[in-house]
Amino acid sequence: MMFDKFTPVPVTAITVCVDFADILDCTLPYNREQFERFLVVTHPEDEATIGTAKLHGAEVLLTEIFYARGAKFNKFAALQQGIDFLNHDGWMLIMDSDIAIPKQVSRQLIPNETCLYTPRRLDCRVIRNGVPPERIWRRYKHVNSKEEFAGYFQFFHTGCEVLKERPWFRNDWDWAGTGDTMFQRRWHSKQQIRPPFEVMHLGTPYANWTGRVQPYANGREPAQAGKRRLDFQALMRQRRLNNGLDDRYKGERLPGDNVECSGQ
């Protein structure tokens, strides 16, 4: 397992995946062997995700809470149910289903149980070919050079003092934005560490927080993509109105904004 190189015990991973089975089919077999346990949280009607997760040896937790109380896509309530289901004591990774982790990771990192670790992510918008060969990852730009320590990859020890207060995620979110930002703020900035490796992101960043908007691998657009785009833009504008532009949200952009990137 990859993480055994710098952690004293195996790592448990958890991801939320609804309507992303085509991407999960690329990333899960790429990542699965690196973890002792891997849990996929999805909706009971998402048969494609259920089948993909089981095919590649992941556990599956089904929940309908994504849309409870009229939510657009309550990722964080579902994530908390998954965390409770795992009841894990030790190193844990919360990650997005569109992230691929390199097979070979630098041994320079010896993690501290008081810290949160989030690598920078590289941006691969073309998903039909799956995960690019690692030998060419250096050709890809970062999704954002000012990225948060966000929920695409949050690696931590469950025994950390900042996590004593539970639940870690509230159940009243309306979408898949902001909850991971609040989670990262449990750690002081000095305890937020960039590990010496990068991960690959497949697809369109900053777009699918109210449900899938980006086209499937076969080029077909999701049936509700138009409405979801409008919902996303409305929620993002409201958050900007509430929080301003000069804070930790600066790493997120509305569709059409210029995203600052840096080369490898």
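None of these values were measured; they are calculated from a predicted model.

Quick notes on the pattern of salt bridges
Considering all chains together, one arrives at 11 salt bridges under this definition. With a closest N to O distance of 2.8 Å, Glu-59 and Arg-37 form a salt bridge. Highlighted residues: Glu-59 in strand 3 (residues 59-62) and Arg-37 in strand 2 (residues 37-42), separated in sequence by 22 residues. For Arg-37, a relative accessible area of 26% puts it in the partly exposed group.

Notes on the packing of aromatic side chains
For any pair of aromatic rings, the description rests on two quantities: the centre-to-centre distance and the angle between the ring planes. Across all of its chains, the model carries 19 aromatic pairs by this definition. Among the aromatic residues, those joined into a ring-pair cluster are Phe-76, Phe-156, Trp-168, Phe-169, Trp-173, Phe-183 and Trp-187. Here the guanidinium or amino end of Lys-103 rests over the ring plane of Tyr-30, the centre of that ring lying 4.4 Å away. The ring centre of Phe-149 lies 3.9 Å from the NZ or CZ of Arg-194, which sits over that ring.

With respect to the pairing of strand 2
The buried fraction of strand 2 is high, at 5 of 6 residues. In the sheet, strand 1 (residues 12-16) pairs with strand 2 via 5 bridges, with the strands oriented parallel. Considered in strand 2, the bridge of Val-16 is made with Val-41. For the segment spanning strand 1, helix 1 (residues 21-31) and strand 2, crossover handedness is right-handed. As a crossover connection, the stretch from strand 2 through helix 2 (residues 47-55) into strand 3 is right-handed.

A few points about the sheet that holds strand 5 (residues 99-100)
What the 3 strands build is an open sheet, ordered 5-10-7; its pairing is mixed. Since the sheet does not close on itself, it has two edges, and those belong to strand 5 and strand 7 (121-124), each with one partner.

Focus on the pairing of strand 7
Of the two faces of strand 7, the one lined by Arg-121 and Asp-123 and the one lined by Leu-122 and Cys-124 are each fully buried. Where strand 7 and strand 10 (residues 199-202) come together, 4 bridges link them in parallel fashion. When the sheet's bridge partners are listed, Cys-124 is paired in strand 10 with Leu-202.

Description of the layout of surface pockets
Looking at the largest pocket, its volume works out to about 800 Å³. Contributing to the lining of the largest pocket are 44 residues, with Val-18, Phe-20, Phe-73, Asn-208 and Arg-212 lying nearest its centre. Within the residue set of the lining of the largest pocket, elements represented by two or more residues are helix 1 and helix 3 (75-86).

A word on unusual backbone geometry
The linkage connecting Arg-166 with the following residue, Pro-167, adopts the cis geometry, with an omega of 0°. You can see Pro-167 is positioned in the loop between strand 8 (153-157) and helix 4 (179-184). Not every positive phi belongs to a glycine, and Asp-19 is a case in point at roughly 65°. Position of Asp-19 among the secondary structure elements: in the loop between strand 1 and helix 1.

Remarks on the side chain of Thr-42
Along the chain, Thr-42 turns up in strand 2. A residue is classified by how much of its surface remains accessible, and Thr-42, at 0% relative accessible area, is buried. In this view, Thr-42 contacts Cys-17, Val-18, Thr-49, Ile-50, Val-60, Leu-61, Leu-62, Thr-63 and Phe-66; residues no more than four positions away in its chain are not counted.

A look at helix 3
For helix 3, with 12 residues, the first-to-last C-alpha span of 17 Å sits near the 16 Å given by 1.5 Å per residue. Burial runs high along helix 3: 9 of the 12 residues are buried. What helix 3 keeps buried is the set Lys-75, Phe-76, Ala-77, Ala-78, Leu-79, Gln-80, Gly-82, Ile-83 and Leu-86. Immediately downstream of helix 3, the backbone of Asn-87 shows phi near 50°, a positive value.

Structural notes on helix 1
Every buried residue belonging to helix 1 is among Ala-21, Ile-23, Leu-24, Thr-27, Leu-28, Tyr-30 and Asn-31, and all of these are buried. On its buried side, helix 1 packs onto strand 2, helix 2, strand 4 (91-95), strand 5 and strand 10.

Concerning the environment of Asp-46
Along the chain, Asp-46 falls in the loop between strand 2 and helix 2. Residues within four places of Asp-46 in sequence aside, it is in contact with Cys-17, Val-18 and Asp-19. In this structure the side chain of Asp-46 is engaged in a polar contact, spanning 2.7 Å, whose partner is the backbone nitrogen of Asp-19.

Calculation criteria
- Residues numbered from 1 in each chain as written.
- Predicted model: local features only at pLDDT ≥ 70, side-chain atom pairs only at ≥ 80, totals over all residues.
- Heavy atoms only, no water.
- Salt bridge = Lys/Arg side-chain N within 4 Å of Asp/Glu carboxyl O.
- Helix = DSSP H or I, 4+ residues; strand = E, 2+ residues; numbered from the N terminus.
- Buried < 20%, exposed > 50% of the residue type's maximum accessible area, 1.4 Å probe, protein only.
- Phe/Tyr/Trp six-rings, centres within 6.5 Å; stacked < 30°, edge-to-face > 60°.
- Lys NZ or Arg CZ within 6 Å of the ring centre and 35° of its normal.
- Pairing = 2+ DSSP bridges.
- Right-handed = clockwise from strand over helix to strand, strands pointing away.
- 1 Å grid on protein atoms, 1.4 Å probe; cavity = no way out; pocket = protein on both sides within 12 Å on 5 of 7 lines; lining within 4 Å.
- Points joined across faces, edges and corners; volume = space filled by probe spheres on them.
- Contact = heavy atoms within 4.5 Å.
- Expected span 1.5 Å × (residues − 1).
- Polar contact = N/O pair within 3.5 Å; in protein donor to acceptor, adjacent residues only side chain to side chain.

So, to be careful, I would describe these as geometric facts and stop short of saying anything about function.
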